[in-house]
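# Commentary on secondary and tertiary structure
Listed below are the residues making up each chain.
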Protein chains: 2
Amino acid sequence: MYNFEYKNPVKIIFGKETISKVADEIPKDAKVLLTYGGGSIKRTGVYDQVKNALKDFNLVEFGGIEPNPHYETCMKAIELVKAEEIDFLLAVGGGSVVDATKFIAAGALYENGDPWDFMEKRGIVNVEKALPLGAVLTLPATGSEMNGNAVVTKMATQEKKAFGSPFVLPQFSILDPECVFTLPDKQVANGVVDAFVHVFEQYLTFDVNSPLQDRWAEGILTTLIEEGPKVLSDRKDYQAAANFMWSATMALNGIIAVGVPQDWATHMIGHELTAYHGIDHARTLAIVLPGMMHIKRHNKKDKILQYGERIWGINAGTDDERIDAAIAKTVDFFESVGISTKLPDYDVPVDTIAKITSRFEKSGIKLGEKGDIDFKEVEEILKDRL
Amino acid sequence: MYNFEYKNPVKIIFGKETISKVADEIPKDAKVLLTYGGGSIKRTGVYDQVKNALKDFNLVEFGGIEPNPHYETCMKAIELVKAEEIDFLLAVGGGSVVDATKFIAAGALYENGDPWDFMEKRGIVNVEKALPLGAVLTLPATGSEMNGNAVVTKMATQEKKAFGSPFVLPQFSILDPECVFTLPDKQVANGVVDAFVHVFEQYLTFDVNSPLQDRWAEGILTTLIEEGPKVLSDRKDYQAAANFMWSATMALNGIIAVGVPQDWATHMIGHELTAYHGIDHARTLAIVLPGMMHIKRHNKKDKILQYGERIWGINAGTDDERIDAAIAKTVDFFESVGISTKLPDYDVPVDTIAKITSRFEKSGIKLGEKGDIDFKEVEEILKDRL
């Protein structure tokens, strides 16, 4: 395996009836901004649980954060943070709310320009400070509750971009699996597929002799394949919800990524589909991933074969037949939880492929764990999904 | 799974030629106590690497920490820390040096009595502060480099006891797998078995529906079974050394223990064998564990069957036959790396069993994940190992 550094100080509070513990985790004298999304936390009672736990705190609210949170919305929150002299941010919601809150936390203390610099000048402009934040997670999916990454979309230019910094790691995240009980099928399915593809980005690359990382990645995949359908068929199955929730957090807290190459090309291409057509993040991954496996079967051969054998028991046929079978099993799994995997299923017009390809051509960025996916291969991958 | 809290902020720096990075992790103005053991770090060159990296630091040294570190030795180090007004501790060595350094770090700031209180009055007296510490790990085995636990032996009373506190979590640990190159066979074998049994204490209990924790535990076991013998047969196999080292750290950093019952009875009984006869820690575990599996086969039935099937492919026969086969495979593995598993192999006299049993009878402590192992069962477990 490669050399690496790993540090993840996020405190996880996991389990039934844990939301009230939020009061113990925030400094008593803090002025807190509660951030949330479209209001589902009010319907489910999570909002009341949080408000009740924090009744002795000085609390300001900012709702209305969208799925694939908008830069424009975050900038309004940053204004509010400054005006109200907020000193702690509490995200209550799914990955979009947590991601937006990270951007707000860093943006509020950025004095050298527009916080979009974190995305636009990534690697040049680094986050040097951020307000402390915590999270009450209501939707297992993105892993944002235990990492320092965030993705934000600028509506003005239809750009969806990421940044990362240890300064925006949550101080704590509360994960109550009972939050899963009230999720619609669509969000459960999105969460399962999102976590699944997060594992793929860190696992399905090339072999660097990392058997433990491989087995932990495979452990998450198998658990998602087993537990995801249980959650879908019985939303009150607490243990299935808990196993799903924990798997989604472990899928992207960095621990399976130590010492191994990472891909993230599926995400980069998927982000474009969301930017142009507003398709749910997880669904864009389900569209792109099978094309990625197909077009990059040479780069990824050994790992696809290992994945096929260990996860799906595929051990007969030529290498190409086994790779095709592994791709088919992956597609079947996504479809089985109700997530379509082809561009026409989402009414994406064919000319979107040219638009996306042209963006990658202009930027000159090459994707993938070997940095060898250029705009022409992006086109091939997307055409495979027609 | 059960509710849980998890936080592990230790920074891991892992890989080839990383020891020099120690200089970046310690505050420049700190007065540092370098703690180490019997001097093997001088033979291997690790001492020189550390000294060279820290040549601009204000450094004091304390060597001579024993395997199964002595309380009496730690107390001398605490005197030195106070006299020299040390403000950072750097442990360079294996788990014994790291454990001792944790005790020194907490003991140096304990003002209400004898630091042995942390052990003797565990749960009543809690560590409330400690000097910051870091580690350069030279021996994969105990996992101490990424947890807040320590075990110390009081020679005066032949007691080996543990304490734990988040205050003694290392600020950082540097893991250079090349340190494995110079280890004698005995220490490699001890490390493999120690890590293996750490996993068992957190895994081989009863089922609480925690499939991901199970698979991660099994991933570590399989990796130790594969990589341990490779390290033994070719000490310069860097990748095998790295996989072994990472597995040992992951075996006891708390991540596989979240939300599941834990046992630790094998350790508690093993500690007595070390206290009375100075047997290497890992070897005491290899002695006790097969007896534990045999006598507690009813408590642990489902997990032993799962372990047997997933790790050793045992899937034929009655439950008892499969359990016997799983125990036999475990014994074979320990013996295959050169670790004997019976009391007579270590010349332990039979009357030691009565002494140990009597200690557990007097303390009234009941062991195991169900708290149902009393002194009579301790006796049965030890007699099984004659």
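Residues numbered from 1 in each chain as written. Chains lettered and ligands numbered in written order. Predicted model: local features only at pLDDT ≥ 70, side-chain atom pairs only at ≥ 80, totals over all residues. Heavy atoms only, no water.

Going by this rule: UniProt positions are given in the numbering used here, feature names are shortened, and annotations may be inferred rather than shown by experiment.
Taking an unreviewed UniProt entry as the reference, chain A is identified by name as Iron-containing alcohol dehydrogenase belonging to Draconibacterium aestuarii. Of the comments in the UniProt record for chain A, the one headed Sequence similarities (unreviewed entry) reads "Belongs to the iron-containing alcohol dehydrogenase family."

## So, the pairing of strand β4 (residues 88-93) of chain A
All names here are of chain A. The test is simple: Burial status follows relative accessibility: with a 1.4 Å probe on protein chains alone, a residue under 20% of its type maximum counts as buried, one over 50% as exposed, and anything between as partly exposed. Runs of H or I in DSSP of at least four residues are treated as helices and runs of E of at least two as strands, each being numbered from the N terminus. Any two strands between which DSSP finds at least two bridges are classified as paired.
Across the six residues that make up β4, a large majority, six, are buried. Residues of β4 alternate between two faces, with F88, L90 and V92 on one and L89, A91 and G93 on the opposite face, all of them buried. The pairing of strand β2 (residues 31-35) with β4 spans four bridges and is classified as parallel. Note on β4: the bridge partner recorded for V32 is F88.

## A word on the packing of helix α12 (residues 301-312) of chain A against helix α13 (residues 319-336) of chain A
All names here are of chain A. For the record, the criterion: Each axis is a line fitted through C-alpha atoms, and for a helix only the stretch in contact is used; angles between axes span 0 to 180 degrees, taken between their N-to-C directions. Reported orientations rely on four angle classes, namely roughly parallel under 35 degrees, roughly antiparallel over 145, roughly perpendicular from 65 to 115, and oblique for the rest. By definition, any crossing whose near helix is turned counterclockwise from its far helix by less than a right angle is left-handed, and any crossing with a clockwise turn is right-handed. Any pair of residues with heavy atoms lying within 4.5 Å of one another is described as a contacting pair. Polar here means any residue other than Ala, Val, Leu, Ile, Met, Phe, Trp, Tyr, Cys and Pro, which are nonpolar, and Asp, Glu, Lys and Arg, which are charged; Gly is therefore polar.
Where α12 contacts α13, the axes come no closer than 9 Å and their chain directions differ by 60°. If you check the angle between α12 and α13, you find them oblique. Note on packing geometry: the crossing formed by α12 with α13 is left-handed. The segment α12 lies against α13, with K301, I304, L305, Y307, G308, E309 and W312 engaging D319, R322, I323, A326, K329, T330 and F333. Considering only residue class, the contact of α12 with α13 consists of seven nonpolar, two polar and five charged.

## Comments concerning the nonpolar core
The cut-off we apply is this: We define the nonpolar core as a collection of buried residues of types Ala, Val, Leu, Ile, Met, Phe, Trp, Tyr and Cys that are connected through side-chain atoms lying within 4.5 Å of one another.
A:W216, A:W246, A:Y307, B:W216, B:W246 and B:Y307 are the most contacted members of the largest nonpolar core, which has 237 residues in total. Contacts of B:W216, omitting those with residues within four sequence positions, involve A:W216, A:I220, A:M250, A:I255, A:I256, B:I255 and B:I256.

## Examining the UniProt feature "domain: Fe-containing alcohol dehydrogenase-like C-terminal" (unreviewed entry) in chain A
When the UniProt feature table is mapped onto this chain numbering, "domain: Fe-containing alcohol dehydrogenase-like C-terminal" (unreviewed entry) sits at residues 189-384 of chain A. Taken end to end, residues 189-384 of chain A is 67% helix and 0% strand, and its two terminal C-alpha atoms sit 23 Å from one another.

## Focus: the interface of chain A and chain B
Condition: Note: buried area is the sum, over both parts, of the accessible area (probe 1.4 Å) each one loses when the two are combined. When a carboxyl oxygen of Asp or Glu lies within 4 Å of a side-chain nitrogen of Lys or Arg, that pair is called a salt bridge. Polar contacts, as counted here, are pairs of nitrogen or oxygen atoms within 3.5 Å of one another; within protein the pair requires one atom able to donate a hydrogen and one able to accept it, and residues that are adjacent in sequence qualify only if both atoms are side-chain atoms.
Every contact between the two is made by 42 residues of chain A and, on the other side, 42 residues of chain B. Summing both sides of the interface, chain A and chain B together bury roughly 3500 Å²; the carbon and sulfur share of this comes to 57%. Our count for the chain A to chain B interface comes out at six salt bridges. A salt bridge links A:E226 to B:R215, with the nearest nitrogen and oxygen atoms 2.7 Å apart. Linking chain A with chain B are 17 residue pairs in polar contact (both at pLDDT 80 or more), by the criterion used here. Looking at the side of chain A that touches chain B residue by residue, the class counts come to 21 nonpolar, 13 polar and eight charged. Bridge count between strand β1 (residues 4-14) of chain A and strand β1 (residues 4-14) of chain B: seven bridges; the pairing is antiparallel. Bridging from a neighbouring strand, A:E5 pairs with B:I13 of β1(B).

## Describing a negative patch on the surface
Counted only if it meets this: In this scheme, patches are assembled from residues that exceed 30% relative accessible area and form no salt bridge. Like charges are connected within 9 Å, while nonpolar side chains (Val, Leu, Ile, Met, Phe, Trp, Tyr) are connected within 5 Å. Only the protein chains shown count as covering a residue, and every accessible area follows the Shrake-Rupley method with a 1.4 Å probe. When charges are counted, Lys and Arg contribute as positive and Asp and Glu as negative, whereas His and the chain ends are disregarded. Lys charges are placed at NZ, Arg charges at CZ, Asp charges at CG and Glu charges at CD.
Judged by side-chain charge, A:D332, A:E335, A:D345 and A:D347 come together as a negatively charged surface patch. Examined against the element boundaries, A:D347 turns out to sit in the loop between α13 and α14 (351-363).

## Comments concerning the pattern of salt bridges
All names here are of chain A. In the structure shown here, the tally under the stated rule is 56 salt bridges over all chains. Of the charged contacts, one joins E379 and K383 as a salt bridge, the two residues approaching to 3.2 Å between their closest N and O atoms. Here E379 and its partner K383 are both found in helix α15 (residues 375-383), four residues apart, which amounts to about one turn of the helix. Residue class for E379 comes out partly exposed when judged on its relative accessible area of 27%. The class of K383 is partly exposed, set by a relative accessible area of 48%.

## Focus: the side chain of A:S247
Considering the arrangement of structural elements, one finds A:S247 in helix α9 (residues 238-251). In this structure A:S247 comes out as buried when scored by relative accessible area, which is 0%. Once residues lying within four places of it in the same chain are set aside, the contact partners of A:S247 are A:I220, A:T223, A:L224 and B:L212.

## As for the relation of the copies chain A and chain B
Here is the rule we go by: Least-squares fitting of one copy onto the other uses the C-alpha atoms of those residues that reach a pLDDT of at least 70 in both copies.
Laying chain A over chain B is done by rotating through 180° and shifting 0.0 Å along the axis; what remains is an RMSD of 0.0 Å. Taken together, the rotation and translation describe the operation of a two-fold axis. If distances are taken from each C-alpha of chain A to the rotation axis, the shortest is found for A:P9, at 1.9 Å. Interface residue correspondence from chain A to chain B reaches 100%, placing this contact among same-surface, isologous pairings.

## Topic: the domain arrangement of chain A
All names here are of chain A. Threshold: Delimitation of the domains relies on an automatic or database domain assignment.
We note that the domain assignment places domain 1 (11-178) and domain 2 (185-383) within chain A. For domain 1 and domain 2, the distance between their C-alpha centroids amounts to 26 Å. Across the contact, 23 residues belong to domain 1 and 23 residues belong to domain 2. Interface area for domain 1 against domain 2, summed over the two sides, is near 2000 Å², with a carbon-plus-sulfur share of 64%. The largest share of the area that domain 1 buries against domain 2 comes from P140, Q158 and K160, three residues that together contribute 30% of it. At the boundary of domain 1 with domain 2, the tally comes to zero salt bridges. Counting across the interface, domain 1 meets domain 2 through six residue pairs in polar contact (both at pLDDT 80 or more). At the level of elements, β1 and β7 (159-164) are the ones that each hand at least two residues to the side of domain 1 that touches domain 2. Tallied by class, residues from the side of domain 1 that touches domain 2 come to ten nonpolar, seven polar and six charged.

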